[in-house]
Amino acid sequence: MSEARDLANPAERHPEKAHRPDNPSPRKPPWIRIKAPSSKGYFDTRATIKEHKLSTVCEEAGCPNAAECWAQGHATMMIMGEICTRGCTFCNVATGRPDKLDPFEPARVAQAVEKLGLSHVVITSVDRDDLADGGAAHFAQTIRAVRRRRPEATIEVLTPDFLKCAPGALESVIEARPDVFNHNLETVPGLYLEVRPGARYFHSLRILQRAKELSPEVFTKSGLMVGLGETRPQILQVMDDMRAAGVDFLTIGQYLQPSPKHHAVERYVTPEEFASYEKAAYAKGFLMVSASPLTRSSYHAGADFERLRAARLAALG
C-alpha cells in the first residue's frame, strides 16, 4: 500500500503542482452554471458507489455535471484506484504512486451497475504506467464482469494511452468487445508538452485508429477541451486528424481550472463558438458531435449512444 495521503488537501493531492506559482483565470461567464447536488437520486447513487467501494471520475475529476448525472442514476466508474501516475496540468485526479490492483474490483463494478439499473455503462481509469499492460487486462475483466451481470447493457470504455506498454494491451481491451472505445486527445498537438507532458499526440491518435482497425464495428470516440490557448484552425486540424483515424464521435467542452495551481483558463469559449465547432465537425463527417461549455466525455453518454447507433444505421441506408 502507498503511504496514506489526505486527497482533500491540494498539496497532497497534487504534489507535483504544490510549488508552482498560481495561475489566475478569468472570472466565469454567465453561461457557466454548475448545479449543486440536492436530489434524492443523487444521494442514492452516491450511496451505491460508497457501498461497493468504487471510485468515479465524476468525483475525482470534479465534473461539473455530477449533480445532474447522479440524480438520474448515472455515474462513470473509475477503475484501478484514484491515484494516477501522470501529472497532466489540467487534471484534478490525484498524482502519485498507486496501490496494487484490486482483483475483486471488476465484480464490484458489475454489482453496482446492476443495482443502478444502468442501460449504458461508462468505465474509465487513471493512468497506470506502473503496470506492464497499463491495466488493459483489468479493463477487459471489468467489461466481461459487467456483461455477465447485466448482458443487456451497452459498455463504453475511456482508456489511457497505453504509451509505455508492451504490444497487445489495446488488443486485450478490444477483444472484450466494448460497444464504444473512447480515448481523449484532450488538446491540440502544440499544447501537449504543456498540458499533457506524459502523453504523445500521434500515439494517442494511433490508438484510436488501431481500435477501429481491430474492430470496425466498435464506435470510436474522442474529446477535446477548449480555452487552454488553442486556436480555431488548430481545432479544425485535429478534427481532420480524428476523421482520418476513423473517429465516429467527437466531444468538445470548456476547460475549467480545478485549482490555481493547474493550467490557467486562457479564455471562455462562447456558446456560439461551440455551435460553430459542432457544425464544422458534422460537415467533416463525424456521426455524432457534442459541443457545449459543460460537455464532458460521458455527459449524456447513454442517450448519445442511441443517437450514435441511429446515425450509423442512417448512414448505411
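For the structure itself, consult the block above.
If you're wondering where the values come from, they're calculated on a predicted model, not measured in any experiment.

Engineer: I keep staring at the overall build of the chain and nothing clicks. Help me out?
Structural biologist: Looking only at helices and strands, the chain features 12 helices and 10 strands. Computed over the C-alpha atoms, the radius of gyration of the chain is 18 Å, within 12% of the 20 Å expected from 2.2 N^0.38 for a compact globule of 317 residues. Considered along the principal axes of its C-alpha atoms, the chain spans approximately 55 × 45 × 45 Å. Split into buried and exposed, the 317 residues of the chain put 52% on the buried side. For the chain, the proportion of contacts with a sequence separation of at least 24, taken over those separated by at least 6, is 76%. With the model as given, the accessible surface of the chain reaches about 14,300 Å², and the carbon-plus-sulfur share is 54%. Counting 41 positive and 39 negative side-chain charges, the chain places the centres of these two groups 2 Å from one another.

Engineer: Mind showing me how you'd approach the pattern of salt bridges here?
Structural biologist: Note on pairing: side chains with opposite charge can pair once their charged atoms come close. As enumerated under the stated definition, the model contains 20 salt bridges in all. Here Asp-22 makes a salt bridge to Lys-261, at a shortest N to O gap of 3.1 Å. One end of the pair, Asp-22, is in the loop between helix 1 (10–13) and helix 2 (40–51); the other, Lys-261, is in the loop between strand 9 (249–254) and helix 11 (271–283), with 239 residues separating them in the sequence. The partner of Lys-284 in a salt bridge is Asp-240, and the shortest N-O contact between them spans 2.8 Å. Note that Lys-284 is positioned in the loop between helix 11 and strand 10 (288–291) and Asp-240 in helix 10 (residues 232–244), a separation of 44 residues in sequence. Since its relative accessible area comes to 29%, Lys-284 is described here as partly exposed.

Engineer: Can you walk me through the packing of helix 10 against helix 11 in this structure?
Structural biologist: One can describe the packing of helix 10 onto helix 11 by two numbers: an axis separation of 10 Å at closest approach and a directional angle of 35 degrees. For the crossing formed where helix 10 meets helix 11, the hand is right-handed. Contacts between helix 10 and helix 11 pair Arg-232, Ile-235, Leu-236 and Met-239 from the former with Ser-276, Tyr-277, Ala-280 and Ala-281 from the latter. In terms of residue class, the contact of helix 10 with helix 11 is built from six nonpolar, one polar and one charged.

Engineer: How do you make sense of the nonpolar core when you look at a structure like this?
Structural biologist: Ranked by internal contacts, the top residues of the largest apolar core, which has 74 residues, are Phe-181, Leu-185 and Met-239. Broken down by element, the residue count for this core peaks at six residues, all from helix 6 (residues 136–149). Contact partners of Met-239, with chain neighbours within four places excluded, come to Leu-250, Ile-252, Tyr-277, Ala-280, Ala-281, Lys-284 and Phe-286. Core analysis: the next-biggest nonpolar cluster, separate from the first, contains six residues, Phe-219, Phe-249, Met-288 and Leu-308 among them.

Engineer: For this particular structure, what's the right way to read helix 12 (residues 301–315)?
Structural biologist: One turn of an α-helix holds 3.6 residues; hence residues three or four places apart share an orientation. The terminal C-alpha atoms of helix 12 lie 20 Å apart, and with 15 residues this matches the ideal 21 Å at 1.5 Å per residue to within 8%. Taken as a whole, helix 12 has its buried residues at Ala-301, Asp-304, Phe-305, Leu-308 and Arg-312. Projected down its long axis, helix 12 shows its buried positions confined to an angular sector of 105 degrees, all on one face. Turned more than 90 degrees away from the buried face of helix 12, the exposed residues are Leu-313 and Ala-314. The positive-phi residue at the C-terminal boundary of helix 12 is Gly-317, with phi of around 85 degrees.

Engineer: Can you walk me through the state of the cysteines in this structure?
Structural biologist: Such a bond, covalent and formed between the sulfur atoms of two cysteines, is termed a disulfide. Here the structure, examined in full by the defined rule, presents zero disulfides. Cysteine Cys-88 remains unbridged, with the sulfur of Cys-91 as its closest cysteine sulfur at 6.3 Å. Overall, the relative accessible area of 15% leaves Cys-88 in the buried class.

Engineer: What's the story with the pairing of strand 9 in this structure? I'm lost.
Structural biologist: The side chains of a regular strand alternate, residue by residue, between the two faces of the sheet. Within strand 9, six of the six residues are buried, which leaves the element mostly enclosed by the surrounding structure. Read from strand 8 (residues 219–226) through helix 10 to strand 9, the crossover connection turns out right-handed. Relative to strand 10, strand 9 is paired through four bridges, and the arrangement is parallel. When the sheet's bridge partners are listed, Phe-249 is paired in strand 10 with Met-288.

Engineer: Explain the environment of Thr-295 here, please?
Structural biologist: Relative to the elements of secondary structure, Thr-295 occurs in the loop between strand 10 and helix 12. Residues contacting Thr-295, with those up to four places away along its chain left out, are Thr-251, Ile-252, Gly-253 and Ser-290. In terms of polar contacts, Thr-295 uses its side chain to reach the side chain of Ser-290, at 3.3 Å. Only 2.6 Å separates the side chain of Thr-295 from the side chain of Ser-292, close enough to count as a polar contact.

Engineer: Honestly, unusual backbone geometry in this entry has me stumped. Any pointers?
Structural biologist: Backbone geometry places Phe-162, a non-glycine residue, at a positive phi of 50 degrees. Relative to the elements of secondary structure, Phe-162 occurs in the loop between strand 6 (154–158) and helix 7 (169–175). Classification of Phe-162 by relative accessible area gives buried; the value is 7%. Unusually for a residue other than glycine, Glu-186 sits at a positive phi of about 75 degrees. Looking at the secondary structure, you find Glu-186 in the loop between strand 7 (180–182) and helix 8 (192–195).

How each quantity is defined
- Residues numbered from 1 in each chain as written.
- Predicted model: local features only at pLDDT ≥ 70, side-chain atom pairs only at ≥ 80, totals over all residues.
- Heavy atoms only, no water.
- Helix = DSSP H or I, 4+ residues; strand = E, 2+ residues; numbered from the N terminus.
- Rg over C-alpha atoms; globule rule 2.2 N^0.38 Å.
- Buried < 20%, exposed > 50% of the residue type's maximum accessible area, 1.4 Å probe, protein only.
- Contact = heavy atoms within 4.5 Å.
- Areas by Shrake-Rupley, 256 points an atom, 1.4 Å probe, with all protein chains shown as cover.
- Lys, Arg positive; Asp, Glu negative; His and termini not counted.
- Charge placed at Lys NZ, Arg CZ, Asp CG, Glu CD.
- Salt bridge = Lys/Arg side-chain N within 4 Å of Asp/Glu carboxyl O.
- Axes fitted to C-alpha atoms, helices over the stretch in contact; angles between N-to-C directions.
- Left-handed = near helix turned anticlockwise from the far one by under 90°.
- Nonpolar A, V, L, I, M, F, W, Y, C, P; charged D, E, K, R; others polar.
- Core = buried A, V, L, I, M, F, W, Y, C linked by side-chain atoms within 4.5 Å.
- Expected span 1.5 Å × (residues − 1).
- Arc of directions from axis to C-beta.
- Disulfide = S-S within 2.5 Å.
- Right-handed = clockwise from strand over helix to strand, strands pointing away.
- Pairing = 2+ DSSP bridges.
- Polar contact = N/O pair within 3.5 Å; in protein donor to acceptor, adjacent residues only side chain to side chain.

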